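Below, each chain spelled out in residue letters.
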Amino acid sequence: MESLIVEGKRTLRGRVRISGSKNITLPLIAASLLTDDPVVVEDVPCLLDVGIMKEIVSEIGMGVRCQKHSLYLDASTVNRFSASHSLINQIRASILLLGPLLARFGRAKIYLPGGCSIGSRPVDLHWKGLSAMGVTFSLGNGYMEASSDRLRGNHIYLDFPSVGATENIMMAATLAEGETIIENAAREPEVVELAGLLTAMGAIISGAGTYTISIKGVSSLKGARYRVIPDRIEAGTFMIAAAIAGEGVIIENVLMNHLKPLTAKLEEAGVKVVESKPGTVTVTPPTSLNAVDIKTMPYPGFPTDLQPPFSSLMTQARGVATISETVFENRFRHVEGLTRMGADTWLNGQSLSIRGGKKLWGNRVQATDLRGAAALVLAALVAEGKTEIQDIHHLERGYEDLPLKLNNLGGEVSRKMPQQEHYAQIP
Ligand code: EPZ
């Protein structure tokens, strides 16, 4: 597997522009299954996960054409209700085919999805919500078959504000009979943007972004054109990179409204965060960082996806930081790599403590998941010497051109294929 080689002690300076959001693009591709008309999605990031989602919908017959960062999607030719296991089990978002296929065709066969190994990632809330709408499920060997003569609206309470379950139920409800109410719905911007596309397609949705969403079913949906907003997790990752190794890095194409918890925590740590103009933020670290505690929560709490990168920052802070992870049960897998680089950490269940202020040393470490890979890259930026991060495909799943963007800021990041001694420079 390919590795990244990161030279330590490089100061980041200059400007970087954030790409479109991965976790908005993926449900928008699924939503385009709900109509026979063409759907155009703009500002799509060029990422592994988006590529896999395109392969999945192409395999069931959707027309997919890409032009730069725009996707042209045509579901009028969809003729299959199940994609192959080898594709489905690569990404979590494949589960999002369930709602649209049931709404459109009354049938779906979905292998249990893959994605980052950060927890068991059950789908019981998807199952429960869709069952309440008249879907019957049967379980096979690693897959589930779902069918419904006619989806009926219902009042659904989610035991946990699951982003994916909210998205799946919302998409199914757009073509169901009657009204669907989702209580304890996820409030993430990804849900709001999906509701935006669905509304543009003719769906009747109110309350997206609150705990209670109402969807009134309609007979059909039409095509639409929709622009993907900037990726809040990529933006947050670069804000943390600027805090850990930057000197006044300027980050463009950022929706600061989606990053309030991170901004608050960076400022608590002594970092200067200034939105010099709408959508552009300058991040300047202090001479000495303060250790701050964080607790991950569903939106609008501190995002679980920024917990690993933030833990890398805390290795450089004065004092002990406590990081509580409440969303996923196995999201500290990057800590092994940090420890191999010299970080002083200890785990107590779902609570990670980091005694910062110690020098990190370059080492050979293993990426285990998308945001954990990003955490290791950030730590390597400040380590003494060179760090090799193996299995770097995890990073390519969710960050568009991260190594190139870091090099454009003054980083020194190169790629190394297995059994290769020299490193391929990144253009
Ligand atoms: C989405 O995953 C994101 N992925 C994740 O980003 C993100 O971390 C997560 O939301 C939380 O914000 C995409 O959008 C593709 P959930 P999702 O359903 O929908 C439990 C990244 O790095 N749960 O909100 O899978 C689940 O186990 C990825 O970009 C159930 O118990 O997240 C977890 O503990 C990682 N039953 C919690 O809810 C269910 O049926 C949150 O999961 C569904 C979820």
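Residues numbered from 1 in each chain as written. Predicted model: local features only at pLDDT ≥ 70, side-chain atom pairs only at ≥ 80, totals over all residues. Heavy atoms only, no water.

Engineer: Looking at this structure, I do not really get the sheet that holds strand 15 (residues 272-277). What am I missing?
Structural biologist: Within a sheet, neighbouring strands are paired by backbone hydrogen bonds and run either parallel or antiparallel to one another. Strand order in this open sheet of four strands is 2-14-16-15, and the pairing throughout is mixed. Each edge of the open sheet is held by one strand with a lone partner, namely strand 2 (15-17) and strand 15. Adjacent strand axes in the sheet meet at a mean angle of 25°, parallel and antiparallel pairs treated alike. Across five bridges, strand 15 lies against strand 16 (residues 280-284) in antiparallel orientation. For Lys272, the partnering residue across the bridge sits in strand 16 and is Thr284. Running at roughly 175° to strand 14 (residues 249-252), helix 8 (residues 232-245) makes contact with strand 2, strand 14, strand 15 and strand 16 of the sheet. (Pairing = 2+ DSSP bridges. Helix = DSSP H or I, 4+ residues; strand = E, 2+ residues; numbered from the N terminus. Axes fitted to C-alpha atoms, helices over the stretch in contact; angles between N-to-C directions. Contact = heavy atoms within 4.5 Å.)

Engineer: In this structure, what is going on with the pattern of salt bridges? I would like to understand it.
Structural biologist: Applying the stated criterion across every chain yields a total of 23 salt bridges. For the salt bridge of Glu190 with Arg232, the shortest nitrogen-to-oxygen distance reads 2.9 Å. Separated by 42 residues along the polypeptide, Glu190 in helix 7 (residues 189-200) and Arg232 in helix 8 bring together distant segments of the chain. Here Arg415 and Glu396 are joined by a salt bridge, their closest N and O atoms 3.2 Å apart. Residue Arg415 is located in strand 23 (residues 413-416), and its partner Glu396 is located in helix 13 (residues 393-398); the two are separated by 19 residues in the primary sequence. Each of Glu42, Asp43, Arg225 and Arg227 takes part in one network of salt bridges that share partners. (Salt bridge = Lys/Arg side-chain N within 4 Å of Asp/Glu carboxyl O.)

Engineer: Could you clarify how one ought to interpret the site of the ligand in this entry?
Structural biologist: Close to the ligand lie 22 residues, the nearest being Asp124, Leu125, Ser162, Asp305 and Val327. In the environment of the ligand, an oxygen atom lies 2.7 Å from a nitrogen or oxygen atom belonging to the backbone of Leu125. A distance of 2.9 Å is found between an oxygen atom of the ligand and a backbone nitrogen or oxygen belonging to Gly164. For the ligand, whose unbound accessible area comes to 820 Å², protein coverage reaches 90%. Sort the elements by how many residues they give to the shell around the ligand and helix 5 (residues 124-131) lands first, with three residues. Split into classes, the residues belonging to the shell around the ligand amount to nine nonpolar, five polar and eight charged. If you count residues domain by domain, the shell around the ligand takes at least three from each of domain 1 (3-19 + 230-416) and domain 2 (22-227). (Near = heavy atom within 4 Å. Polar contact = N/O pair within 3.5 Å; in protein donor to acceptor, adjacent residues only side chain to side chain. Areas by Shrake-Rupley, 256 points an atom, 1.4 Å probe, with all protein chains shown as cover. Nonpolar A, V, L, I, M, F, W, Y, C, P; charged D, E, K, R; others polar. Domains from an automatic or database assignment.)

Engineer: Would you mind showing me how to read the layout of surface pockets here?
Structural biologist: A water-sized probe rolled over the atoms picks out the places where empty space is left. Its boundaries defined by the atoms lining it, the largest pocket holds a volume of some 990 Å³. The set of elements that each furnish at least two residues to the lining of the largest pocket consists of helix 1 (22-31), helix 5, helix 6 (163-173), helix 8 and helix 12 (370-382). A domain-level breakdown of the lining of the largest pocket finds at least three residues from each of domain 1 (3-19 + 230-416) and domain 2 (22-227). Its boundaries defined by the atoms lining it, the second largest pocket holds a volume of some 280 Å³. Lining of the second largest pocket is provided by 17 residues; of these, Arg17, Ile18, Ser19, Gly20 and Glu400 occupy positions nearest its centre. (1 Å grid on protein atoms, 1.4 Å probe; cavity = no way out; pocket = protein on both sides within 12 Å on 5 of 7 lines; lining within 4 Å. Points joined across faces, edges and corners; volume = space filled by probe spheres on them.)

Engineer: I would appreciate a short explanation of helix 2 (residues 48-59) in the present structure.
Structural biologist: Residues spaced three or four apart along an α-helix face the same direction, because each turn holds 3.6 residues. Between the first and last C-alpha of helix 2 there are 16 Å, a value that for twelve residues agrees with the 16 Å anticipated at 1.5 Å per step. The inward-facing, buried residues of helix 2 abut helix 1, strand 4 (63-67), helix 3 (85-88) and helix 13. Two residues or fewer after helix 2 comes Gly61, characterised by a positive phi angle close to 110°. (Expected span 1.5 Å × (residues − 1).)

Engineer: For this particular structure, what's the right way to read the state of the cysteines?
Structural biologist: Here a disulfide denotes one covalent bond, and it connects the sulfur atoms of two cysteines. In the structure shown here, the tally under the stated rule is zero disulfides. Note on Cys46: no disulfide assigned, nearest cysteine sulfur contributed by Cys66 at a separation of 8.3 Å. A residue is classified by how much of its surface remains accessible, and Cys66, at 41% relative accessible area, is partly exposed. (Disulfide = S-S within 2.5 Å. Buried < 20%, exposed > 50% of the residue type's maximum accessible area, 1.4 Å probe, protein only.)

Engineer: Please clarify how the domain arrangement of the protein chain should be interpreted in this entry.
Structural biologist: Accessible area lost on assembly of the parts is the figure often given for the size of an interface. By the assigned domains, the protein chain splits into domain 1 (3-19 + 230-416) and domain 2 (22-227). Once you take the C-alpha centre of each, domain 1 and domain 2 turn out to be 30 Å apart. Both sides together, the interface formed by domain 1 and domain 2 hides about 2,000 Å², and carbon and sulfur atoms give 54% of it. For the domain 1 face of the interface with domain 2, the top three residues by lost area are Tyr299, Arg397 and Glu400, together amounting to 33%. Linking domain 1 to domain 2 there are two salt bridges. Between the two partners, domain 1 and domain 2, sit six residue pairs in polar contact (both at pLDDT 80 or more). The dominant element in the side of domain 1 that touches domain 2, judged by the number of residues it contributes, is helix 13, at four residues. (Buried area = accessible area lost by both parts, 1.4 Å probe.)

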